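In case you want the letters, here they are:
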Amino acid sequence: DQQVKQNSPSLSVQEGRISILNCDYTNSMFDYFLWYKKYPAEGPTFLISISSIKDKNEDGRFTVFLNKSAKHLSLHIVPSQPGDSAVYFCAAGSSNTGKLIFGQGTTLQVKP
Amino acid sequence: NAGVTQTPKFRILKIGQSMTLQCTQDMNHNYMYWYRQDPGMGLKLIYYSVGAGITDKGEVPNGYNVSRSTTEDFPLRLELAAPSQTSVYFCASRRSGAETTNGYTFGSGTRLTVV
């Protein structure tokens, strides 16, 4: 039972264009969501988050959108840079249980 | 400030052996987590803890045990290693109430191979 799904295993975009990474979840108990970036042989690093009481959060080139009715969130990176090439994980958490569940990840390649 | 420290970084086990993966954090975080990442896959939650003396199962707890006797330490125990436990294991922690402010802090991982 995959509670958090990232249906696109990979994404390739040109430098300077927008990257859109998507994530779906099934559990209505999740009340916060995070995006992580991961390079090979390293632990995940925190990128951006959003609480379920918001529908948008922006931090520089990164914006996360949350659509609670559709149980869908997305990460927009504008403009994309070659250094953004990595695996991106979305994660959903419940403040009641303390549990944090990750998706399968999307590998982003930004071409110069 | 060391953050989350995992030891060892690499380990090869034989089938049936046991071992403990160590995880220590020096940030006084209440919450701690163990995840495993199989090749090409996402992170699966094994066990987590919301404070000293309190642990709970995650998505894939079978074959593992944990304890949380102190705030700082959250060791993961494999009693009878199986090839299916070959994976990269990540420990993470966060402060209570800090779910969305700065996320969860991860260690650099332990790469375990069971042969």
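Predicted, not measured: the structure shown is a model, and the values here were computed from it. (Residues numbered from 1 in each chain as written. Chains lettered and ligands numbered in written order. Predicted model: local features only at pLDDT ≥ 70, side-chain atom pairs only at ≥ 80, totals over all residues. Heavy atoms only, no water.)

Enquirer: I'm lost on the interface of chain A and chain B in this one. Help?
Expert: For an interface, size is often stated in terms of accessible area lost upon the parts coming together. In this assembly, 23 residues from chain A lie in contact with 24 residues from chain B. Between chain A and chain B, a total of about 1,800 Å² is buried, with carbon and sulfur atoms accounting for 59% of that surface. Joining chain A to chain B, the criterion identifies zero salt bridges. Inspection of the region where chain A meets chain B yields six residue pairs in polar contact (both at pLDDT 80 or more). (Contact = heavy atoms within 4.5 Å. Buried area = accessible area lost by both parts, 1.4 Å probe. Salt bridge = Lys/Arg side-chain N within 4 Å of Asp/Glu carboxyl O. Polar contact = N/O pair within 3.5 Å; in protein donor to acceptor, adjacent residues only side chain to side chain.)

Enquirer: Looking at this model, I keep getting lost on the pattern of salt bridges. Mind explaining?
Expert: As a working rule, side chains carrying opposite charge can pair if their charged atoms are close by. Evaluation of the coordinates by the stated rule reveals three salt bridges over all chains. Of the charged contacts, one joins A:R61 and A:D84 as a salt bridge, the two residues approaching to 2.8 Å between their closest N and O atoms. Within this pair, whereas A:R61 is found in the loop between strand 6 (56-59) and strand 7 (62-67), its partner A:D84 is found in the loop between strand 8 (72-77) and strand 9 (86-93), the two being separated by 23 residues in sequence. The closest approach of N and O atoms between B:D38 and B:R36, which form a salt bridge, is 2.8 Å. Judged by relative accessible area, B:D38 falls into the partly exposed class, the value being 25%. (Helix = DSSP H or I, 4+ residues; strand = E, 2+ residues; numbered from the N terminus. Buried < 20%, exposed > 50% of the residue type's maximum accessible area, 1.4 Å probe, protein only.)

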